[in-house]
Amino acid sequence: MQAFTRDLFTDLSLAGPGAGPEVFLTAFDAWAASRAGCGELRAQSSVDVYRSMWGALTAWCVGRGLALQGLGASHLEAYLHARGGAEDLTPRHAWRLLTLVDAVSAHHADANALPRNTAAHDLLMARPDWRYANAAEKTPLPEHLTADEARRLVAWLLDPARQATAAGAPPCAWQSLRDRAAVGLQLGAGLAPGDIRLATTTGVFSSDVAPGLPSLLPWKIALPAHGSAPARQAPVAPWAGSLLQAWLQTRQSLRIGGDRLFPAAVSGRPWGKVAQYTAAKGVLAAAGLRGADGGSFRLRHTFALRQLQHGSSPEQVAQWMGLRNAAALARHRRLMMAPADIL
């Protein structure tokens, strides 16, 4: 198929705003540059294939006066079924094209502060034969909590009457609250186990600088660089902030030493890796969640998925989570297209 260039439409004049080729081409170039910048789209051959696919769609849309923002699922389905000859429609081609349209459209909307056009995503969700056409080449989807599991865990964490812990978990009341607040930040702020152990009290931002929130409610946390993760700031969900507020008040009343947000002892001694893992496992088991082993990362994956579902860009979510490359969230974006019983 002939690669598409801007010269193909230099003589076309269309009345509809945004219906010319420039918006389509600029959107693709910006998306390709962003993917190359984060190392996700390196091979020129891959860029050429995507450019050719995008060019054919652009030609079809421009010929019908369709703007990028105005593309609907019916338009995309008509385009796919109109392909013939060497481009005879296959489920895998449909999957590649719709995934490309969704990615370019989302990047264009984010870059220009426009509403997201979810037509490609909606069509892919409606056609399981297309949605799973490339499943054999996909890496496993990230482990995460279902919506029901997340709701049940949050309710358990916030219920002061539920102080039961799993066998072997720390029995002291202040340690139980510490463990619950730490798990809350893993689900409500996307913190990794290492972040939990290194977080400091001075890194917690309270609502005196966030008008509209209840007094002193933590809403953001700053985290130091460690390992491959850079120093960063992450938002704290209001429910996790209320749990963290209760822990900070308890920490102060007990005069716990040091500046570690979650210490191992009243003296302020840092929390060890094994002890923190055991505590998190105990909380998840006591809350009745399946698979308590490795559950900490399921909480973090759930945070990423929920942020993406609510419209945050992969780049922003990666920054919050301390990931240097937004490509690491590719599996989470695929999960958003998984069957309802999985999601």
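Check the entry above for the structure.
Within each chain, residues carry numbers counting from 1 in the order of the written sequence. Predicted model: local features are reported for residues with pLDDT of at least 70 only, side-chain atom pairs are reported and counted for 80 or more only, and whole-chain, interface and lining totals are derived from all residues. The basis for every side-chain value is the complete set of heavy atoms in the structure, and neither hydrogens nor water enter the calculation.

Engineer: For this particular structure, what's the right way to read the nonpolar core?
Structural biologist: Nonpolar side chains tend to gather and get buried jointly when the protein is soluble and globular. What makes a nonpolar core is a set of buried Ala, Val, Leu, Ile, Met, Phe, Trp, Tyr and Cys residues whose side-chain atoms join them at distances within 4.5 Å. Accessibility here uses a 1.4 Å probe with only protein chains present; expressed as a share of the type maximum, an area under 20% marks a residue as buried, one over 50% as exposed, and anything in between as partly exposed. The biggest cluster of nonpolar side chains holds 39 residues, and the ones touching the most others in it are Leu153, Val183, Leu185, Ile221, Trp247, Leu261 and Phe262. Secondary structure counts use DSSP, requiring at least four H or I residues in a row for a helix and at least two E residues in a row for a strand, with both numbered from the N terminus. Elements supplying a minimum of two residues to this core: α7 (147-158), α8 (173-188), β2 (220-223), α10 (238-253) and α11 (273-286). Counting residues per element, this core draws most heavily on α8, which supplies seven residues. Grouped together as the second largest cluster of nonpolar side chains are 29 residues, Ala56, Leu80, Trp95 and Leu124 included.

Engineer: Can you walk me through the packing of α8 against α10 in this structure?
Structural biologist: If you want to describe how two helices pack, look at the angle between their axes and the distance between the axes. As a rule, the C-alpha atoms of each element are fitted with a line to give its axis, helices using only the stretch in contact, and angles between N-to-C directions run from 0 to 180 degrees. One can describe the packing of α8 onto α10 by two numbers: an axis separation of 9 Å at closest approach and a directional angle of 150°. Judged on the interaxial angle alone, α10 and α8 are roughly antiparallel. As for the relative orientation of α8 and α10, their crossing is left-handed in sense. Residues Trp174, Leu177, Arg178, Arg180, Ala181, Gly184, Leu185, Leu187 and Gly188 of α8 touch α10, and the partners they reach there are Trp239, Ala240, Leu243, Leu244, Ala246, Trp247 and Thr250. These descriptions rest on fixed angle ranges, namely under 35 degrees for roughly parallel, over 145 for roughly antiparallel, 65 to 115 for roughly perpendicular, and the rest for oblique. Should the near helix be turned counterclockwise from the far one by less than a right angle, the crossing is left-handed, whereas a clockwise turn marks it as right-handed. Two residues form a contact once any of their heavy atoms are found within 4.5 Å.

Engineer: I tried to follow the side chain of Gln186 on my own but got confused; where do I start?
Structural biologist: Its place among the elements puts Gln186 in helix α8. Accessibility expressed as a relative area gives 1% for Gln186, which makes it buried. For Gln186, the residues in contact, after removing those within four places along its chain, are Leu191, Ala192, Pro193, Ile196, Gln276, Ala280, Ser296, Leu299, Arg300 and Phe303.

Engineer: When you look at the pattern of salt bridges in this model, what are you seeing that I'm missing?
Structural biologist: Side chains that differ in charge, positive against negative, can pair when their charged atoms come close. We count a salt bridge whenever a side-chain nitrogen from Lys or Arg sits within 4 Å of a carboxyl oxygen from Asp or Glu. Under the definition given, this model contains seven salt bridges. When the shortest N-O distance is used, the salt bridge between Asp148 and Arg152 registers 3.2 Å. Taken together, the positions of Asp148 and Arg152, both in helix α7 and four residues apart, correspond to about one turn of that helix. Judged by its relative accessible area of 41%, Asp148 falls in the partly exposed class. Owing to a relative accessible area of 38%, Arg152 belongs among the partly exposed residues under this scheme. Asp179 is paired through a salt bridge with Arg178; the nearest N and O atoms lie 2.9 Å apart. Residue Asp179 is classed as buried on the basis of its relative accessible area of 3%. Arg178 sits in the buried class, given a relative accessible area of 2%.

Engineer: Would you mind going over the sheet that holds β2 with me for this structure?
Structural biologist: Sheets are built from strands that pair by backbone hydrogen bonding, the pairs being arranged parallel or antiparallel. Spatially, β1-β2-β3 is the arrangement adopted by the three strands of the open sheet, whose pairing is antiparallel. For this open sheet the edge positions go to β1 (204-205) and β3 (232-235), each flanked by a neighbour on one side alone. Two strands pair if DSSP finds at least two bridges between them.

So, to be careful, I would describe these as geometric facts and stop short of saying anything about function.
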